[in-house]
Amino acid sequence: MCVGLDPVSGRLPDELRVAGDELAGVEGFCLGVIDAVAGHVPCVKVQAACFERYHAAGFNVMFRVLAAARAAGLIVILDAKRGDIGISSEHYAAAFLGPDAPTDALTVHSYLGDDSLTPYLAAAAQHGKGVFPMVRTSNPGGETLQALELADGRSISDAVADMVARLGDAEPAYLAPGCGYSLLGAVVGATKPAAAATLRARMKRQIFLVPGFGAQGAGPEDVRACFNADTTGAIISASRSVLYAFAEAGPGTAWQTSVADAARRFRDDIASLLESNDARAQT
């Protein structure tokens, strides 16, 4: 389970709306969410765009939030979706996957080909981190490209999945010690369950990062196919359904309590799914 930190200043709790200083409210909200969810989920995914819109000051806040999540014992994924040719990717990899970066993994684009991914994977292998390239996204518009059929019968996302699987297995150093999974994962949207089943068959060693659970409409049954038969191999991410749970809470309920309760319900939903997956595997 993973909670996405996608803060929007206009949706913050009233007590965190600082007149004339949106960024202070955003930082306070993120730190409060980290405190609320740390006992219920093992991972957070920080959306870089929500901070970078505030320029240099936002970048500084983002790194403080990343560091706070790390200090709380959480796995930290930076959702920055970087992507460029090799030399530029080397710079991005140094910034976000280097030894001093308070991150455990980074999301990247994959549609520039394997040579755009190798710098990230090399940095991940060197520093014990992970990379999640986009393979099949949850936005409706992604279908106009990703679902197109190639001459060999594969979809474009199938071809990208094959590239990711091949690249992730290319070197022994690209495999995470002791678990059988590659340091090169894959972003696969929760709103595409049929595609997820196909992609899981193509990428056995990739950990799936699965956005779209909750507010985007996906539920437990939609993400079942993202797991391998042994109930491992996927990180399910929920953002708005946890972050803004306080908007649906009754009067007098502290906003952090509502967020913690939503994170606990999310955890229980995924735990129940994994238990049923495990029962299916045993039979």
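No experiment lies behind these values; they were computed from the predicted model shown. Note on numbering: residues in each chain are counted from 1, in written sequence order. Per-residue local features are limited, in this predicted model, to residues with pLDDT of at least 70; the limit for side-chain atom pairs, both in listing and counting, is 80 or more; totals at the level of whole chains, interfaces and linings are taken over all residues. Neither water nor hydrogens contribute to the side-chain values; these are computed over all heavy atoms in the structure.

A. Examining the pattern of salt bridges more closely. When a carboxyl oxygen of Asp or Glu lies within 4 Å of a side-chain nitrogen of Lys or Arg, that pair is called a salt bridge. Applying the stated criterion across every chain, the model contains 15 salt bridges. With its nearest N and O atoms 2.9 Å apart, the salt bridge here joins E143 to R136. The rule is simple: take the accessible area with a 1.4 Å probe, protein chains only, and divide by the maximum for that residue type; under 20% is buried, over 50% is exposed, in between is partly exposed. On the basis of relative accessible area, R136 is assigned to the buried category, the value being 8%. Taking the shortest distance from any N to any O, the salt bridge between D162 and R202 comes out at 2.8 Å. Placement of the pair is D162 in helix 7 (residues 156-168) and R202 in helix 8 (residues 193-202), with a sequence separation of 40 residues. Note on D162: relative accessible area 24%, which makes it partly exposed. Put simply, DSSP marks the helices as runs of H or I at least four residues long and the strands as runs of E at least two long, and each gets a number from the N terminus on.

B. Region of the structure containing the nonpolar core. In this structure, V37 and M203 are the most contacted members of the largest nonpolar core, which totals 80 residues. Pairs of residues are marked as contacts when any of their non-hydrogen atoms sit within 4.5 Å. Setting aside residues no more than four positions away along its own chain, M203 makes contact with V135, A161, V164, A165, A186, V188 and F208. The next biggest cluster of nonpolar side chains, apart from the first, holds 9 residues, and it includes C43, I77, M134 and L209. Here, nonpolar core refers to any group of buried Ala, Val, Leu, Ile, Met, Phe, Trp, Tyr and Cys residues whose side-chain atoms link them within 4.5 Å.

C. Spatial organisation of the packing of helix 7 against helix 8. Direction vectors running N to C along helix 7 and helix 8 enclose 30 degrees, while the axes themselves pass 9 Å from each other. Taken together, the axes of helix 7 and helix 8 are roughly parallel relative to one another. With respect to the hand of their crossing, helix 7 and helix 8 are arranged in right-handed fashion. Of the residues in helix 8, those touching helix 7 at S157, D158, A161, D162 and A165 are T198, L199 and R202. Throughout this entry, Asp, Glu, Lys and Arg are counted as charged residues, while Ala, Val, Leu, Ile, Met, Phe, Trp, Tyr, Cys and Pro are counted as nonpolar. The remaining residues, Gly among them, count as polar. Taken together, the residues that form the contact of helix 7 with helix 8 break down as 3 nonpolar, 2 polar and 3 charged. All axes here are fitted lines through C-alpha atoms, helices being fitted over the stretch that makes contact, and every angle between N-to-C directions spans 0 to 180 degrees. By the definition adopted for this analysis, an angle is roughly parallel if under 35 degrees, roughly antiparallel if over 145, roughly perpendicular if from 65 to 115, and oblique otherwise. The sense of a crossing depends on the near helix, which, turned anticlockwise from the far helix by less than a right angle, makes the crossing left-handed and, turned clockwise, makes it right-handed.

D. Region of the structure containing a nonpolar patch on the surface. Candidate patch residues must exceed 30% relative accessible area and have no salt bridge, after which like charges are joined if within 9 Å and Val, Leu, Ile, Met, Phe, Trp or Tyr side chains if within 5 Å. Residue exposure ignores everything except the shown protein chains as possible cover, and the areas themselves are Shrake-Rupley values with a 1.4 Å probe. On the surface, I85, I87 and L112 cluster together to form a nonpolar patch covering roughly 290 Å² of accessible area. Here L112 lies in the loop between strand 4 (105-108) and helix 5 (118-127).

E. Here's a closer look at the pairing of strand 5 (residues 130-136). Counted residue by residue, strand 5 has 7 buried out of 7 residues, so it is predominantly covered. Think of it this way: DSSP has to see at least two bridges between two strands before they count as a pair. Bridge analysis of strand 4 against strand 5 gives 4 bridges, and the strand direction is parallel. Residue pairing in the sheet places T107 in a bridge with F132 of strand 5. Assignment of crossover handedness uses the view with strands pointing away from the viewer, where a clockwise path from the first strand over the helix to the second indicates a right-handed crossover. For the crossover from strand 4 across helix 5 to strand 5, the handedness is right-handed. As paired strands, strand 5 and strand 6 (residues 186-188) are joined by 2 bridges and run parallel to one another. Counterpart to M134 in the pairing with strand 6 is V187.

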